[in-house]
Amino acid sequence: MGFDYRSGVLCAEQISLEDIARQFGTPCYVYSRAAIETNFARFAAALAGRTSLIAYSVKANSNLAVLGVMARLGAGFDIVSGGELARVLAAGGNPRKVVFSGVGKSEAEIEQALRAKVLCLNLESEAELGRVDAVAARLGVRAPVAFRVNPDVDAKTHPYISTGLKDNKFGIAYDDAERLYRDAALRENITLTGIGCHIGSQLASAAPFIDAAARILALAERLARAGIELSHIDLGGGFGIRYQNERQAPIAEFLDGALGMLAGRKEMLMVDPGRSIVGDAGVLLTRVEYLKPGESKNFVVVDAAMNDLVRPALYGAWHEVRQVREMESDAVAGVYDVVGPVCESADFLARERSLAVRPGSLLAVMSAGAYGMVMSSNYNTRPRPAEVMVSAGAALLVRERETVDQLFAAERLLP
Ligand code: LLP
């Protein structure tokens, strides 16, 4: 969606990626605003008629322009750092729709969030409850809090992005929840607002999500019987997208299951999707530098690398690689590994792909809108790519390409 061929050339909405490469250079992330809006609309439609909040998970793609689009759609924001809070505010996001998650919030971050009057802090440990209570007391305010409960459900996804099992660092143990809620309820500087969970990312089927929702609801009912009424239930994010041709449950399947269970309950339903909003709304555009045929493998060396998109190296993630020009003159057809210039064997973007390319050809690494630019680094002193958003028929630069000078401007030589 958002990226289709027109007259044999891959376009972002109606703008050719060749034109974008010419104007902004490569490597370059390109986003489609229309695709982001369509993805958001799918959540809005599935939740229509229910008091709900779609809190976009900022970590997936935190470019200010992306956050600005989300703010204009009326989204809330799921954040995990003071830095992300600052971005949300800079992009015009409403702090009253911000939930602050994460296992390691510092005192300064807690203070920043309370001063900004966020909707709630999602607490992940008993120690954190003590810290938030103390900061709130010092500021003379009541801190709105929810607990992130670990429902001990197997999300059946990649172990690095699975978060809902007992031995993960995330959330409080299910069996401790009631005790911690009772403790929090007695504290003068704490207001209990909700309960949440998040079992992992890139969930392919709705079943574990719905299991987790059932366990969280059962807990909410138990708390209500103990006199602890909550105003929201946050079921997290994790809705997977299709990278290859894997079966992927539609958003509505996840949400209909949860909505069924919530029928007749008055709590606001929150979800915090990241990947499913921005994942397929972005590509990494890269240019072929060299063809390197070999005895056992052929390589296409491109100008993007693992520092620009680390998912293949880190998770063995599969991203589709498309030729920007479907048919190119002088192209050499073959089966290639698509690799970058970084000095690591893990520096690949794709393996064993049938392509017909030549030096100078453009390739688009698809579905790179989520966990792409945000996880980039400057390894090998490589300036990070530019980011471009296509909006209303125009390609707009939303982040300048870094310069090498910027990379070491904060460093100092010894005297
Ligand atoms: N809520 C919480 C509490 C989370 O920890 C996450 C993601 C989300 C929401 C959003 O999940 P999503 O809807 O995007 O699946 N870097 C990995 C993904 C890490 C996800 C971390 N938490 C990747 O590239 O696949």
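The structure reproduced in this document is the subject of the present report.

Definitions and cut-offs
Residues numbered from 1 in each chain as written. Predicted model: local features only at pLDDT ≥ 70, side-chain atom pairs only at ≥ 80, totals over all residues. Heavy atoms only, no water. Pairing = 2+ DSSP bridges. Helix = DSSP H or I, 4+ residues; strand = E, 2+ residues; numbered from the N terminus. Near = heavy atom within 4 Å. Polar contact = N/O pair within 3.5 Å; in protein donor to acceptor, adjacent residues only side chain to side chain. Areas by Shrake-Rupley, 256 points an atom, 1.4 Å probe, with all protein chains shown as cover. Nonpolar A, V, L, I, M, F, W, Y, C, P; charged D, E, K, R; others polar. Domains from an automatic or database assignment. Phe/Tyr/Trp six-rings, centres within 6.5 Å; stacked < 30°, edge-to-face > 60°. Buried < 20%, exposed > 50% of the residue type's maximum accessible area, 1.4 Å probe, protein only. Lys NZ or Arg CZ within 6 Å of the ring centre and 35° of its normal. Axes fitted to C-alpha atoms, helices over the stretch in contact; angles between N-to-C directions. Parallel < 35°, antiparallel > 145°, perpendicular 65-115°, else oblique. Left-handed = near helix turned anticlockwise from the far one by under 90°. Contact = heavy atoms within 4.5 Å. Expected span 1.5 Å × (residues − 1). Arc of directions from axis to C-beta. 1 Å grid on protein atoms, 1.4 Å probe; cavity = no way out; pocket = protein on both sides within 12 Å on 5 of 7 lines; lining within 4 Å. Points joined across faces, edges and corners; volume = space filled by probe spheres on them.

What follows deals with the sheet that holds strand S1 (residues 3-6). Taken in spatial order, the 3 strands make up an open sheet running S1-S2-S3, and their pairing is antiparallel. Since the sheet does not close on itself, it has two edges, and those belong to S1 and strand S3 (15-16), each with one partner. When S1 meets strand S2 (residues 9-12), the two strands line up antiparallel, connected through 4 bridges. Within the sheet, the bridge partner assigned to Phe3 lies in S2 and is Ala12.

Ser201, Asp272, Arg311, Tyr315 and Tyr371 are the nearest of the 18 residues found near the ligand. One nitrogen or oxygen atom from the side chain of Tyr371 is found 2.6 Å from an oxygen atom belonging to the ligand. Coverage of the ligand by the protein chains reaches 91% of its 580 Å² of free accessible surface. Partitioning the shell around the ligand into residue classes produces 5 nonpolar, 7 polar and 6 charged. Mapping the shell around the ligand onto the domain boundaries places at least three of its residues in each of domain 1 (3-31 + 279-407) and domain 2 (33-275).

Two measures describe an aromatic ring pair: the distance that separates the ring centres and the angle between the ring planes. Applying the stated criterion across every chain yields a total of 6 aromatic pairs. Centroid distance Tyr29 to Tyr31: 6.3 Å. Interplanar angle 20°. Geometry classified as stacked. An identical accessibility class is assigned to Tyr29 and Tyr31; each is buried. Taken together, the ring pairs in this structure connect Phe43, Phe209, Phe239 and Phe254 into an aromatic cluster. The aromatic ring of Phe100 is capped on one face by Lys105, whose charged end is 5.6 Å from the ring centroid. Cation over ring: Arg215 sits above Tyr174, and NZ or CZ is 4.1 Å from the ring centre.

Further remarks concern the packing of helix H4 (residues 82-90) against helix H5 (residues 107-116). Relative orientation of the contacting elements H4 and H5 amounts to 25°, with a least axis distance of 9 Å. Taken together, the axes of H4 and H5 are roughly parallel relative to one another. In the crossing of H4 with H5, the sense of the turn from one axis to the other is left-handed. For the pair formed by H4 and H5, the contact residues are Gly82, Leu85, Ala86 and Leu89 on the first element and Glu109, Gln112, Ala113 and Ala116 on the second. A per-class count over the contact of H4 with H5 returns 5 nonpolar, 2 polar and 1 charged.

Once that is clear, we can look at helix H6 (residues 126-139). Counted at 1.5 Å a residue, the expected span for H6 with its 14 residues is 20 Å, and the 20 Å between its end C-alpha atoms agrees. When H6 is considered as a whole, its buried residues turn out to be Glu128, Leu129, Val132, Asp133, Val135 and Ala136. All buried residues of H6 lie within an arc of 170° about the axis, which places them on one face of the element. Exposed side of H6, more than 90 degrees from the buried face: Ala127 and Arg138 are the residues found there. Each element contacted by the buried residues of H6 is listed here: H5, strand S8 (120-123), strand S9 (143-150), helix H7 (177-185) and strand S11 (190-196).

Next up on the list: the pairing of strand S20 (residues 386-391). Burial within S20 is extensive, with 6 of its 6 residues counted as buried. The side-chain alternation of S20 yields two buried faces, one formed by Ala386, Val388 and Val390 and the other by Glu387, Met389 and Ser391. For strand S4 (residues 28-32) and S20, the ladder comprises 5 bridges, and the chain directions are parallel. Counterpart to Tyr31 in the pairing with S20 is Met389.

Time to look at the packing of helix H8 (residues 207-225) against helix H9 (residues 251-262). Two numbers describe how H8 lies on H9: the axes approach to 9 Å, and their chain directions differ by 25°. As the angle between them shows, H8 and H9 are arranged roughly parallel. In this structure, H8 crosses over H9, and the sense of that crossing is right-handed. Between H8 and H9, the residues in contact are Phe209, Ile210, Ala213, Ala214 and Leu217 and Glu253, Phe254, Gly257, Ala258, Met261 and Leu262, respectively. A breakdown of the residues in the contact of H8 with H9 according to their chemical character gives 9 nonpolar, 1 polar and 1 charged.

Let's shift gears to the environment of Glu13. With respect to the secondary-structure elements, Glu13 resides in the loop between S2 and S3. The class of Glu13 is buried, set by a relative accessible area of 16%. For Glu13 and Phe3, which are 10 residues apart along the polypeptide, the C-alpha to C-alpha distance reads 5.9 Å. Leave out the neighbours within four places in its chain, and Glu13 touches Gly2, Arg6, Ser32, Arg33, Ala34, Ala35 and Val390. Among the polar contacts made by the side chain of Glu13, one reaches the main-chain amide nitrogen of Ala34 at a distance of 3.0 Å.

Let us now look at empty space enclosed by the protein. Empty space among the atoms becomes visible once a probe the size of a water molecule is rolled across them. The full count for this structure, using the stated rule, is 1 cavity of 30 Å³ or more. Of the volumes computed, that of the largest cavity is approximately 30 Å³. Lining the largest cavity, in full, are Ala213, Leu217, Ile233, Leu235, Ala258, Met261 and Leu262. Of all elements in the fold, only H8 and H9 reach the threshold of two or more residues within the lining of the largest cavity.

Treat this as a map of the structure, not an account of what it does.
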